[in-house]
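A look at the structure
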Amino acid sequence: MGNMTGCNTLNLNSQKFDWDIVCPAPLWQHSHNYLHHTFTNIVGRDHDVGYHLIRVTDEQPWTPSDRYNLLNTMFLALGFEWAVAFHDIQISVDEYAESPQLAAIMQPKSRGLFAKMARQVGKDYIALPAVAGALLGRRSAMTTLSGNITANVARNLWTWAVIFCGHFTEQAHVYTELDENESKGEWYVRQILGSSNIKGSKFFHLLTGNLSHQIEHHLFPDMPARHYARIAPKIQAICQKYELPYNTGRFGRQLRQVMGRIHYFSKPRTAEWQAYLQSQSPASTHAVKEETKDVPVIRGLGKYLPPVMRQALFYA
């Protein structure tokens, strides 16, 4: 964690502590700190756009599985920390697919992932209930187990809601490509247009870890989150001066927009439906098979796992 300085204040350095979730820090730092904050809302570069599971823009080709956008969203929200944990595995397999070092890169990632998962599951669902049971009896063990399950699911739902409200409201822009000549000023504009804030009290912002100030978070990702509320009025004034939208609203309003967007993109427009039918031609189907042939074959019950889990097991 942090260390006490001479002035008796606590320094928290993200290089020295880890989140109390199943995702290891190195995987989060690659998928979020680097890719997401560098290529914010650029389809194909920022893999947080839909998390490879949900269609949130017409720049993502429609497929029949998108009809279950809302159902997929429910599962994503309930198990959000687990989706985040496997997220970088899927990204890295694609990113390093042509590298001769693919196995050497993926092995420590996969082993680190399963080690962190084992520690978290062991702590929350075995060790803590066992301690409670030993000290206070079987009923306390079951209460501790159910309480930990409830707390983790509630945290997943809350984290999902805050993050999606910061990225996928109606006004949040999604981009198709990165301008190689993008200036620093244009980078700032992209962060503003691709982000959304949530209005609320100081207590509400505390509950969100100040990520309800998502615009400020994207503009200054290295700034301590407690400063976002202080600089927010200045950012809003700059947006007003240069006629840039500063997208903010109450939690209920932003969440309704997110769900509306997810529902809207679950249905294909006529042109999208025609594009899908065309993609089902024999030549296109063969190309898809060529793209997916490298997914590892796992025998037994493992063959029913999603491809990203099979990849992680294979490289671990």
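Residues numbered from 1 in each chain as written. Predicted model: local features only at pLDDT ≥ 70, side-chain atom pairs only at ≥ 80, totals over all residues. Heavy atoms only, no water.

**Let's talk about the overall build of the protein**
Across its full length, the protein carries 13 helices and 4 strands. Counting over 316 residues, the protein shows a buried share of 39%. Restricting the contact set of the protein to residue pairs at least 6 apart, pairs at least 24 apart contribute 63%. About 18,300 Å² of surface is accessible on the protein, with carbon and sulfur atoms providing 61% of the total. (Helix = DSSP H or I, 4+ residues; strand = E, 2+ residues; numbered from the N terminus. Buried < 20%, exposed > 50% of the residue type's maximum accessible area, 1.4 Å probe, protein only. Contact = heavy atoms within 4.5 Å. Areas by Shrake-Rupley, 256 points an atom, 1.4 Å probe, with all protein chains shown as cover.)

**Quick notes on the nonpolar core**
Within the largest apolar cluster, 34 residues are counted, with the highest numbers of intra-cluster contacts made by Phe80, Ile89, Leu113, Trp160 and Phe164. Secondary-structure elements contributing two or more residues to this core are α2 (69-78), α3 (80-95), α4 (102-136), α5 (138-165), α10 (251-264) and α13 (307-315). Top element by residues in this core is α3. It accounts for 6 residues. (Core = buried A, V, L, I, M, F, W, Y, C linked by side-chain atoms within 4.5 Å.)

**A look at the side chain of Asn210**
Along the chain, the position of Asn210 falls in the loop between α7 (202-207) and α8 (214-219). Among the residues examined, Asn210 registers a relative accessible area of 15% and is labelled buried. Not counting residues up to four positions away in its chain, the partners in contact with Asn210 are His205, Ala225, Arg226 and Tyr228.

**Some remarks on a negative patch on the surface**
Residues Glu177, Asp179, Glu180 and Glu186 make up a contiguous surface patch of negative charge. Examined against the element boundaries, Glu186 turns out to sit in helix α6 (residues 184-193). Exposure remark for Glu186: the relative accessible area of 41% places this residue in the partly exposed category. (Patch = residues over 30% accessible without salt bridge, like charges linked within 9 Å, V, L, I, M, F, W, Y side chains within 5 Å. Salt bridge = Lys/Arg side-chain N within 4 Å of Asp/Glu carboxyl O. Lys, Arg positive; Asp, Glu negative; His and termini not counted. Charge placed at Lys NZ, Arg CZ, Asp CG, Glu CD.)

**Observations concerning the packing of aromatic side chains**
In total, this model carries 16 aromatic pairs according to the counting rule given. Judged by centre distance (6.0 Å) and plane angle (80°), the ring pair of Tyr34 and Phe39 falls under edge-to-face. On the basis of relative accessibility, which here comes to 7%, the residue Phe39 falls in the buried class. The structure contains a cluster of three or more aromatic residues connected by ring pairs, namely Tyr51, Phe80, Trp160, Phe164 and Phe168. Over the ring of Tyr188 we find Lys184, and its NZ or CZ is 5.3 Å from the ring centre. (Phe/Tyr/Trp six-rings, centres within 6.5 Å; stacked < 30°, edge-to-face > 60°. Lys NZ or Arg CZ within 6 Å of the ring centre and 35° of its normal.)

**Notes on the packing of α4 against α13**
Following both chains from N to C, one finds α4 and α13 inclined at 105°, their axes separated by 7 Å at the closest point. Taken together, the axes of α4 and α13 are roughly perpendicular relative to one another. The segment α4 lies against α13, with Leu102, Ala103, Met106, Gln107, Ser110, Leu113 and Phe114 engaging Gln311, Ala312, Leu313 and Tyr315. A breakdown of the residues in the contact of α4 with α13 according to their chemical character gives 8 nonpolar, 3 polar and no charged. (Axes fitted to C-alpha atoms, helices over the stretch in contact; angles between N-to-C directions. Parallel < 35°, antiparallel > 145°, perpendicular 65-115°, else oblique. Nonpolar A, V, L, I, M, F, W, Y, C, P; charged D, E, K, R; others polar.)

**A few points about the environment of Ala232**
Within the secondary structure, Ala232 sits in helix α9 (residues 228-241). You can call Ala232 buried: its relative accessible area is 8%. Here the alpha-carbon distance between Ala232 and Asn197, two residues 35 residues apart in the chain, equals 9.8 Å. Ala232 has contacts with His213, Glu216 and Tyr246, leaving out every residue within four places of it along the chain.

**Concerning α4**
Across its 35 residues, α4 extends 49 Å between first and last C-alpha, which sits within 8% of the 51 Å expected from 1.5 Å per residue. Roughly 45° is the biggest bend found in α4, and it falls at Lys123. Along α4, the positions that sit buried rather than exposed are Leu102, Met106, Lys109, Ser110, Leu113, Lys116, Met117, Gln120, Asp124, Pro129 and Ala132. The inward-facing, buried residues of α4 contact α1 (25-38), α3, α5 and α13. Count one or two residues on from α4 and you reach Gly137, which has phi positive near 110°. (Expected span 1.5 Å × (residues − 1). Bend = angle between axes of the 7 residues up to and from the residue.)

**Points about the pattern of salt bridges**
Taken as a whole and assessed by the stated rule, the structure comprises 8 salt bridges. A salt bridge links Asp88 to Lys109; its shortest N-O distance comes to 2.6 Å. Of the two residues, Asp88 sits in helix α3 while Lys109 sits in helix α4, which places them 21 residues apart along the sequence. Salt-bridge contacts for Lys123 lead to Asp124; the nearest nitrogen and oxygen are separated by 2.6 Å. The class for Asp124 is buried, based on a relative accessible area of 8%. Here the salt bridges share partners, and the residues they tie into one network are Arg55, Asp58, Arg269 and Glu272.

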